[in-house]
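A closer look at the structure
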Amino acid sequence: MQAMQANQTHVGQTYLHPLPVRIWHWINALGFVLLMLTGVQIRYADLFSVMTFESALNVHNWIGFVIIANYFLWLGYYLTSDRISNYHAVLNAKDFFNNYYRQAVYYSYGIFRGEKRPHNVQPHDKFNPMQRLTYQVIMMISGPIQIVTGLMMWDVKRFESWIALAGGIRVVSTIHMLVFILFVVFILVHAYMGVLGRKPSTHYKEMFTGYAEDGDH
Ligand code: HEM
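Since we're looking at a predicted model, the values are computed, not measured.

What follows covers the overall build of the protein. Along the protein, the regular secondary structure elements total 8 helices and 2 strands. Of the regular secondary structure in the protein, the N- to C-terminal order runs α-β-α-α-α-α-α-α-α-β. Seen through its C-alpha atoms, the protein measures out along the principal axes to roughly 55 × 40 × 35 Å. Here the protein holds 217 residues, and 13% of them are scored as buried. Restricting the contact set of the protein to residue pairs at least 6 apart, pairs at least 24 apart contribute 66%.

And the structure:
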């Protein structure tokens, strides 16, 4: 594994994002945007009529299943790779808060003064403390909640015992809506943070090629 990764590292470049992660990411990004648009059409069928309610529901369900399968690509990759270290929690509370604070100060102040980034990006430790926590929540809490609540509403009959356990279909639908709002905020902030590299295109390019140019982090 180490030898393979060494081969993938070109001179002056670091291999940050392996192919399965990049494939997962861009399918996921497109899928999320489509899920959000069709979701709004389903929820506010009386306000928008880009497509019929039935078509919006069908497209939403199909894309939902693609996103679920894609989620398992992401999970399967990380569970079988030593790069899972990127998602490990920092268990030392003092380290966690100090590093998180340094990163927050950098984003609110240092970045505008051209200061050095506080986090040293490495293939097995590529996320700064704010990214690490955000991605943990998005991928391991909100994503699964959205999948499960989506499945419950997709087939109310089949999942009636789960729905009862959750407190009824209105509770399930409200949770799905609240997580949707969280995802909208996440995508807007995430897409914006993505342009904060050395050049606005730097992180986007990395997420397509997999490679970071040395000096870009
Ligand atoms: C328009 C939509 C999106 C754009 C433009 C975008 C952009 C980017 C960029 C530039 C990166 C690389 C920099 C970084 O690691 O932060 C990235 C990574 C990442 N994005 Fe997105 N993204 C989008 C949608 C999403 C969605 C919907 C999710 C999850 C629900 C997501 C989750 C992630 C994660 C977890 C990573 C790190 C992946 C890894 O290296 O393991 N992104 N994104």
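Resuming the write-up.
Atom-level detail of predicted coordinates should not be read off regions where pLDDT is low. For the protein, mean pLDDT is 94; residues scoring 70 or higher make up 95% of the total. Ignoring residues within four places in sequence, the model shows residues 1-7, a span with pLDDT below 50, making 3 contacts including any to other chains.

With 25 residues, helix 2 (residues 19-43) extends 35 Å between its outermost C-alpha atoms, agreeing within 8% with the 36 Å of an ideal straight helix rising 1.5 Å per residue. Taken together, the buried positions of helix 2 are occupied by Trp24, Leu35, Thr38, Gly39 and Gln41. The secondary structure elements touched by the buried residues of helix 2 are helix 3 (53-79) and helix 7 (169-193).

Around the ligand sit 19 residues, and of these Ala29, Phe32, Ala191, Gly194 and His203 come closest. Every element with two or more residues in the shell around the ligand is listed here: helix 2, helix 5 (129-154), helix 7 and helix 8 (202-209). With 6 residues, helix 2 is the largest single contributor of residues to the shell around the ligand. Here the shell around the ligand is composed, by residue class, of 11 nonpolar, 7 polar and 1 charged.

The subject of this paragraph is the environment of Asp125. Along the chain, Asp125 turns up in the loop between helix 4 (93-108) and helix 5. Residue class for Asp125 comes out partly exposed when judged on the 14 C-beta atoms lying within 10 Å of it. Between the C-alpha atom of Asp125 and that of Tyr87, which follows or precedes it by 38 residues, the distance is 8.5 Å. Contacts of Asp125, omitting those with residues within four sequence positions, involve Ser85 and Asn86.

Looking now at the packing of helix 5 against helix 7. Packing of helix 5 against helix 7 leaves a shortest axis separation of 9 Å and a crossing angle of 140°. It follows that helix 5 is oblique to helix 7 by the angle criterion. Crossing of helix 5 over helix 7 shows left-handed handedness. Residues Ile138, Ser142, Ile145, Gln146, Thr149, Gly150, Met152 and Met153 of helix 5 lie in contact with helix 7, whose contacting residues are Val172, Ser173, Ile175, His176, Val179, Leu182, Phe183 and Phe186. Per-class residue counts for the contact of helix 5 with helix 7 are 10 nonpolar, 6 polar and no charged.

This paragraph deals with the environment of Thr134. Secondary-structure assignment places Thr134 in helix 5. The spatial distance from the C-alpha of Thr134 to the C-alpha of His190 is 9.6 Å, given a sequence separation of 56 residues.

So, on to the environment of His203. Here His203 shows up in helix 8. The spacing of His203 and Met153 is 50 residues in sequence and 36 Å in space, taken between C-alpha atoms. Apart from the residues lying within four places of it in its own chain, the contact partners of His203 are Gly194 and Gly197.

Calculation rules
For every chain, the first residue of its written sequence is number 1, and the numbers climb from 1 along that sequence. Selection of residues for local features in this predicted model requires a pLDDT of at least 70, selection of side-chain atom pairs for listing and counting requires 80 or more, and totals for whole chains, interfaces and linings are taken over all residues. A run of H or I in DSSP counts as a helix once it spans at least four residues, and a run of E counts as a strand once it spans at least two, with each numbered from the N terminus. Burial in this document is a count-based property: other C-beta atoms within 10 Å of a residue's C-beta are tallied, and the residue is buried at 20 or more, exposed at 12 or fewer, or partly exposed in between, with C-beta positions derived from the backbone. Contact criterion: two residues are in contact if their C-beta atoms, reconstructed from the backbone, are within 7 Å. In predicted models, pLDDT denotes the confidence assigned by the predictor to each residue on a 0 to 100 scale. Helices are assigned an expected span. That span is 1.5 Å times one less than the residue count. Only the C-beta atom matters for this test: placed from the backbone, it must lie within 6 Å of a molecule or strand for the residue to be near it. Only Asp, Glu, Lys and Arg are considered charged, only Ala, Val, Leu, Ile, Met, Phe, Trp, Tyr, Cys and Pro nonpolar, and every remaining residue, Gly among them, polar. Axis definition: a line fitted to C-alpha atoms, limited for helices to the stretch in contact. Angles are taken between N-to-C directions and run from 0 to 180 degrees. Angle categories: roughly parallel below 35 degrees, roughly antiparallel above 145, roughly perpendicular from 65 to 115, and oblique for all the rest. Each crossing is labelled by how the near helix is turned from the far one, with a counterclockwise turn of less than a right angle marking it left-handed and a clockwise turn marking it right-handed.

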